[in-house]
Amino acid sequence: MDLELMTNSFPKLLSATMVTLKLLSVSLIIGLFIGLFFAILRMNKNLFINKFAYGYSYIFRGTPLLVQIFIIYFGLGQIEYLRSTFLWVVLKEPYWCAIIAFSLNTGAYTSEILRSAFQTIKPGFIEAGKSLGLPRKFIFYKIQIPIAIKQSLPAYGNEIILMLKGTSLASTVTLMDLTGVAKYIISTTFKPVEVFIVAGGIYLFMTFVIHNFIKYLEKKFSYQ
Amino acid sequence: MELLAFGNTGWGDELFYATLMTLAVSITAMIIGFFFALIFTPLKLSKHKSLNLIGNFYTTVVRGVPELLIIYLLFFGGSGAIMYVASIFGYNQYIEINAFITGAFSIGIISGAYSTEVFRGAIQSIDKGQFEASKTLGIKKYVQFYKIILPQMLRLALPNLSNVWQITLKDTSLISVTGLVEIMRQSYIAAGSTRDPLFFYSFAAVLYLLLTFFSMKIINKLEMRYSRGF
């Protein structure tokens, strides 16, 4: 056990954690909007729109995240047309490619979570709102969304933790996130166990915080 | 389309074998995972605090740490650990473990943690009366497990195990970093030599979709079979 290496690598890994957290938070925020958008499409009665939203979530949930990142980072740059548009400014940066892939991926999972949350809302709530003469928008924002948030919190908490682990894939497109730096230190010192303990400890600490934060929110949102 | 031709002119046969490799690694990992689950599920359900702690430590650490980090640990540390154990027994030669074993083992550890949670949940949701009834009938402990608990547990666990299978299948893409030639690695090689990454990575995505689609079909059939009478 090389304690000196552990203490030496800790600050490096901690600053890499910032990259991980930045990737996580940005893609979760974008992913939440994507998820909400597709969850609403899923509830649309138009069969074509419905199938489109289902296809999106099926494809992104059925393929590994690694493939998705590689398609966006290595694949999209190949299209000549894209290189001439302003999108190229975004797509040539590995950072933004990772964000796009993560957001689309978590968006697909979030859309499923939100859809099932919306579907478990008892029709009575919506009918009650209608019979009170509330406008449709009001019912959606003030009745359906708060209930859906409460319903989806446990599953969404899991999704945040899965996404935290997913951000480790950013290291495959040259980003130096927590896993990237850990791998760099491992491959230069050949001390995998020590680095794993420190980096794994940081990841575990983050999952611990997220887990408890979600638990706290669940308590806050419960009716009783 | 000529890119996918079989033989020396295209990548069709290479990708086909790579798909078989992905399947082989996933199945091996799933089986290794079952062994881990077989060890750790009793630990998690045990009444002893210390055994409990070991079981919880395993599932919490493995499910809380990125898969890639675990793979790096085994990839860089695996042969070192084995050589260390071998040196105790007086064998000092360099030992190299092949990428398949490292890959299947690391994914197996991960899938084992998920399987453990699934089995724990399944056993806990079996009616307590079943345990008590078999005890009163004087049925031996292992007969009770194999003939009463296990069949009921499988029915309850199957839907969640199919999720574990999906996770495992997708996780195998990560062991391409160790150089094992599965779908992802083969696409990487093909993309590199043809300069057509968009096509090959999209094709890899299609292959994964096909694998998940057909495995779901099979698992659904199994689920129907095991839920007969319910």
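The rules behind the values
- Residues numbered from 1 in each chain as written.
- Chains lettered and ligands numbered in written order.
- Predicted model: local features only at pLDDT ≥ 70, side-chain atom pairs only at ≥ 80, totals over all residues.
- Helix = DSSP H or I, 4+ residues; strand = E, 2+ residues; numbered from the N terminus.
- Buried ≥ 20, exposed ≤ 12 C-beta atoms within 10 Å, placed from the backbone.
- Contact = placed C-beta atoms within 7 Å.
- Expected span 1.5 Å × (residues − 1).
- Bend = angle between axes of the 7 residues up to and from the residue.
- pLDDT = per-residue confidence, 0-100.
- Axes fitted to C-alpha atoms, helices over the stretch in contact; angles between N-to-C directions.
- Parallel < 35°, antiparallel > 145°, perpendicular 65-115°, else oblique.
- Left-handed = near helix turned anticlockwise from the far one by under 90°.
- Nonpolar A, V, L, I, M, F, W, Y, C, P; charged D, E, K, R; others polar.
- Core = buried A, V, L, I, M, F, W, Y, C linked by C-beta atoms within 7 Å.

We now examine the overall build of chain A. For chain A, the count of helices and strands is ten helices and zero strands. In chain A, the succession of α and β elements from N to C terminus is α-α-α-α-α-α-α-α-α-α. Along the first, second and third principal axes, the C-alpha set of chain A runs to 70 × 50 × 25 Å. Taken over 224 residues, chain A has a buried fraction of 39%.

Moving on, we get to the overall build of chain B. Of regular secondary structure, chain B possesses eight helices and zero strands. Element order for chain B, N to C, with α for helix and β for strand: α-α-α-α-α-α-α-α. By the burial criterion, 37% of the 230 residues in chain B qualify as buried. Within chain B, contacts between residues at least 6 apart in sequence are counted, and of these 72% link residues at least 24 apart.

Moving on, we get to the environment of B:Phe6. Residue and element names in this part refer to chain B. Residue position: Phe6 is located in the segment before helix H1 (12-45). Here Phe6 falls in the exposed class, since 12 other C-beta atoms lie within 10 Å of it. For the pair Phe6 and Phe16, spaced ten residues apart in sequence, the C-alpha to C-alpha distance is 9.2 Å.

Bringing H1(B) into the picture now. In a regular helix each residue adds 1.5 Å, so 34 residues correspond to 50 Å; H1(B) covers 48 Å between its end C-alpha atoms and thus fits that length. In the structure, H1(B) departs most strongly from a straight axis at B:Ala37, where the bend amounts to approximately 25°.

Taken together, the 32 residues of chain A in the interface contact 26 residues of chain B. Among the elements of the structure, helix H2 (47-62), helix H3 (65-75), helix H9 (178-189) and helix H10 (192-221) of chain A are those that each provide at least two residues to the side of chain A that touches chain B.

A few words now on the confidence of the model for chain B. For chain B, mean pLDDT is 88; residues scoring 70 or higher make up 98% of the total. Scoring the predicted complex yields pTM 0.88 and, for the interface, ipTM 0.86.

Another point: the packing of helix H7 (residues 183-194) of chain B against helix H8 (residues 197-226) of chain B. Residue and element names in this part refer to chain B. Where H7 meets H8, the closest approach of the two axes is 8 Å, and the angle between their N-to-C directions is 165°. Judged on the interaxial angle alone, H8 and H7 are roughly antiparallel. As H7 runs across H8, the sense of the crossing is right-handed. Mapping the contact onto sequence places Ile183, Met184, Ser187, Ala190 and Ala191 in H7 and Pro197, Phe200, Tyr201, Phe203, Ala204, Leu207 and Tyr208 in H8. The residue makeup of the contact of H7 with H8, split by class, is eleven nonpolar, one polar and no charged.

Within soluble globular proteins, side chains that are nonpolar generally end up buried alongside one another. Core analysis: the biggest nonpolar cluster contains 106 residues, and A:Ile69 and B:Ala204 have the highest contact counts within it. When neighbours within four sequence positions are excluded, B:Ala204 is seen to be in contact with A:Val67, B:Ile183, B:Met184 and B:Ser187.

To continue, consider the environment of B:Phe34. Residues and elements named next belong to chain B. Tracing the backbone through its elements, the reader meets Phe34 in helix H1. Since 18 C-beta atoms lie within 10 Å of it, Phe34 is described here as partly exposed. Residues Phe34 and Arg63, spaced 29 residues apart in sequence, show a C-alpha to C-alpha distance of 16 Å.

Residues and elements named next belong to chain B. At a minimum axis separation of 9 Å, helix H2 (residues 49-64) and helix H4 (residues 99-124) run at an interaxial angle of 125°. When the axis of H2 is compared with that of H4, the two are oblique. Crossing handedness for the pair H2 and H4: left-handed. Residue-level contacts link Tyr58, Thr59, Val62 and Arg63 of H2 to Ile109, Ile110, Ala113, Thr116 and Glu117 of H4. Each residue belonging to the contact of H2 with H4 can be placed in one class, and the counts come to five nonpolar, two polar and two charged.

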